[in-house]
Amino acid sequence: MATAPPDTAPVIDRPVSIARLHGEACWFCGNVTKDLLPAGSITLLGGTCWPIVTCGCSPAAVTK
Ligand SMILES: [Zn+2]
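Presented here is a report on the structure given in the accompanying data block. (Residues numbered from 1 in each chain as written. Predicted model: local features only at pLDDT ≥ 70, side-chain atom pairs only at ≥ 80, totals over all residues.)

## What about the overall build of the protein chain?
- Counting its secondary structure elements, the protein chain contains 1 helix and 3 strands.
- Starting at the N terminus and ending at the C terminus, the protein chain contains elements arranged as β-α-β-β.
- Expressed as a percentage of the 64 residues in the protein chain, the buried residues total 16%.
- Taking as baseline every contact in the protein chain between residues at least 6 positions apart, the subset at least 24 positions apart corresponds to 50%. (Helix = DSSP H or I, 4+ residues; strand = E, 2+ residues; numbered from the N terminus. Buried ≥ 20, exposed ≤ 12 C-beta atoms within 10 Å, placed from the backbone. Contact = placed C-beta atoms within 7 Å.)

## Details of the pairing of strand β2 (residues 37-44)
- As judged from the 2 bridges shared by strand β1 (residues 11-12) and β2, these two strands associate in the parallel manner. Bridge pairing in β2 links Ile 12 to Leu 44.
- In this sheet, strand β3 (residues 49-54) lies alongside β2 in antiparallel orientation, the contact comprising 5 bridges. Bridge pairing in β3 links Ser 41 to Pro 51.
- Two successive antiparallel strands, β2 and β3, enclose a turn made up of 4 residues, where Gly 47 displays a positive phi of approximately 105 degrees. (Pairing = 2+ DSSP bridges.)

## Concerning the sheet that holds β1
- Here we have 3 strands laid out as an open sheet, ordered β1-β2-β3, and mixed in their pairing. Each edge of the sheet is formed by a strand with only one pairing partner; in this case those strands are β1 and β3.

## Some words on the environment of Thr 43
- Of note, Thr 43 is situated in strand β2.
- Each C-alpha atom, one on Thr 43 and one on Ile 12, is 6.0 Å from the other, the two residues being 31 residues apart in sequence.
- With near-sequence residues (within four places) excluded, Thr 43 lies in contact with Ala 9, Pro 10, Val 11, Ile 12, Thr 48 and Cys 49.

## Observations regarding the environment of Val 11
- By secondary structure assignment, the location of Val 11 is in strand β1.
- Along the sequence, Val 11 and Gly 47 sit 36 residues apart, while their C-alpha atoms lie 8.2 Å from each other.

Just distances and angles here, no functional claims.
Here you go:
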């Protein structure tokens, strides 16, 4: 049974790859060769919200 992603996007306080922010790579492992699926969104410390994607290696919820 799938769980819905949280309404509030987690705040990321570390540098992240621009490819991941642009949905060109899996947010969790950086994979670019698999089909990437929407995995909610994250918020950077500056307040910018970005949609993220996952290759399926991790649950959609962002926990770190
Ligand atoms: Zn992945």
